[in-house]
Structures are given as structure tokens and as C-alpha cells.
Amino acid sequence: MDEHRLGLKPIRRRVWAPTGQPFTCPVKPAYEWLYLYAFVNPETGESRFWLVPVLNKQAYSAVMTAFAHSVGAGADHHVLVVQDGAGFHVPAEQGQPPGIQTVTLPPYAPELQPAERLWALTDATVAHRAFDTLDDFSDVLADRCAWLETQPDLLTQHTLFHWWPLSTN
């Protein structure tokens, strides 16, 4: 699991352009944001995405609860969530939802986090584009995330590290 801040500030990437031809990109800087929470199983490519307006402890708890419900976590189905050590990754007072257990990665180690590799895929449809409103932006991003959820092979190619421990059950 990881989260990613996106918004109306344009995302620029390197692109090929014909020799002697400058690359032009529409830029209309604005500073409105939303946050994308992503969960991925690197082995199967199964994924879940949530777009939320804020990034705080309450949003984290709400997303973890929604994730637990979506994967059927409970007393007889346990799910291990690998996350970074962000300060808002704090469960609600009652703890994590039933069936959810978390493991926190060491600080400053994004290369260990498979979900970090999802951002290039989610950004693909919004890079080099200028959006008028955050709603327009979130519609395009939501469509991309819905499509990615149907592409487990693509997600596995990006997130299954050669050293990732494969499940035995």
C-alpha cells in the first residue's frame, strides 16, 4: 500500500521529439490536490485504488477499512499490508480493521515498496495535460485506476520484484 499526491499542477515527463522540433506541453499551473491510495498484490496483480481529498489519519483509517471490506478480511481471512513509515499511517483507536496486519518498511527505502511502481502507470493518462478543474482531473484518473484494476498482468510486471517472497498457500 502506498499513497500518491496528484492534482492540477501538470506532470511532465521526458518524451521523444523530432530533431530540431521543440516539445510543447500545455501548462496551466494550479495548486489543488487529491490523493491516490493504491493497494497491490505483487504476486497476483490484484489491486484496489481510492481517490481521497485529504491525506491524514482519518482518511488512512477510512481507506484501510474500505480495503478490508473489499478483500473480505476478517477473523478467518488475514491480509498483510506492507506500508512505508508515514506519520499518518496510524490506525484508529480501535486498531486496524479485523484481519488486517501491517508491516512498516524501513525509512527512506522506496525501492522496497512495490506500490511505488504504480505511480508511473497511474500518471500516464494525466501527464502533459492541463485540466481546468480537479473534477475533470479526477474523472480521468479514476478511469485510469479502474482500467488498471482489470490489468493484473501489467501490474505484476511492474511490482513483482525478483526477491519478493511468494505465498505458499
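The sections below set out a description of the structure shown in this document.

**Focus on the pattern of salt bridges**
Here's step 1: Scanning the model with the defined rule gives 1 salt bridge in all.
Here's step 2: Glu 46 serves as the salt-bridge partner of Arg 48, at 3.1 Å between the closest nitrogen and oxygen.
Here's step 3: For Arg 48, a relative accessible area of 19% corresponds to the buried category.

**Focus: the packing of aromatic side chains**
Here's step 1: A complete count under the given rule lists 5 aromatic pairs for this structure.
Here's step 2: Where Phe 131 meets Phe 137, the ring centres are 5.2 Å apart and the plane angle is 85°; that geometry is what we call edge-to-face.
Here's step 3: Look at Phe 131 and you get buried, because its relative accessible area is 8%.
Here's step 4: Here the aromatic cluster, defined as three or more aromatic residues joined through ring pairs, consists of Phe 39, Trp 50 and Phe 67.

**Side note on helix 3 (residues 134–149)**
Here's step 1: Here helix 3 contains 16 residues, and its C-alpha end-to-end distance of 22 Å stays within 8% of the 22 Å for a straight helix at 1.5 Å per residue.
Here's step 2: Taken together, the buried positions of helix 3 are occupied by Leu 134, Phe 137, Ser 138, Val 140, Leu 141, Arg 144, Cys 145 and Leu 148. Each buried residue of helix 3 lies within a common arc of 165° when the element is viewed along its axis, so the set occupies one face. Those residues of helix 3 that are exposed and angled more than 90 degrees off the buried face are Asp 135 and Asp 143.
Here's step 3: Taken together, the buried residues of helix 3 touch strand 1 (2–7), strand 2 (33–40), strand 3 (47–52), helix 2 (119–123) and helix 4 (152–159).

**Regarding helix 1 (residues 57–71)**
Here's step 1: Over its 15 residues, helix 1 extends 21 Å from the first C-alpha to the last, a length consistent with the 21 Å expected when each residue adds 1.5 Å.
Here's step 2: Residues of helix 1 that are buried include every one of Ala 59, Tyr 60, Ser 61, Val 63, Met 64, Phe 67, Ala 68 and Val 71, and no others.
Here's step 3: Two or three places before Gln 58, at the opening of helix 1, Asn 56 has a side-chain oxygen 3.2 Å from that residue's backbone nitrogen.
Here's step 4: Following helix 1 by one or two positions, Gly 72 adopts a phi angle in the positive range, close to 75°.

**A look at the layout of surface pockets**
Here's step 1: Considered as a void within the structure, the largest pocket measures approximately 830 Å³ in volume.
Here's step 2: Residue contributions to the lining of the largest pocket peak at 4 residues, all from strand 4 (residues 79–83).
Here's step 3: Classifying every residue of the lining of the largest pocket by side-chain character gives 16 nonpolar, 7 polar and 3 charged.

**A closer look at the pairing of strand 2**
Here's step 1: When you tally the buried positions in strand 2, you get 7 out of 8 residues, the bulk of the element.
Here's step 2: Judged from the 6 bridges that link them, strand 1 and strand 2 form a sheet pairing that is antiparallel. Note on strand 2: the bridge partner recorded for His 4 is Leu 36.
Here's step 3: Pairing of strand 2 with strand 3 involves 6 bridges; the strand directions are antiparallel. Counted as the bridge partner of Ala 38 is Phe 49 from strand 3.
Here's step 4: Joining the antiparallel neighbours strand 2 and strand 3 is a turn of 6 residues, in which Gly 45 adopts a positive phi near 80°.

Basis of the calculations
- Residues numbered from 1 in each chain as written.
- Predicted model: local features only at pLDDT ≥ 70, side-chain atom pairs only at ≥ 80, totals over all residues.
- Heavy atoms only, no water.
- Salt bridge = Lys/Arg side-chain N within 4 Å of Asp/Glu carboxyl O.
- Buried < 20%, exposed > 50% of the residue type's maximum accessible area, 1.4 Å probe, protein only.
- Phe/Tyr/Trp six-rings, centres within 6.5 Å; stacked < 30°, edge-to-face > 60°.
- Helix = DSSP H or I, 4+ residues; strand = E, 2+ residues; numbered from the N terminus.
- Expected span 1.5 Å × (residues − 1).
- Arc of directions from axis to C-beta.
- Contact = heavy atoms within 4.5 Å.
- Polar contact = N/O pair within 3.5 Å; in protein donor to acceptor, adjacent residues only side chain to side chain.
- 1 Å grid on protein atoms, 1.4 Å probe; cavity = no way out; pocket = protein on both sides within 12 Å on 5 of 7 lines; lining within 4 Å.
- Points joined across faces, edges and corners; volume = space filled by probe spheres on them.
- Nonpolar A, V, L, I, M, F, W, Y, C, P; charged D, E, K, R; others polar.
- Pairing = 2+ DSSP bridges.

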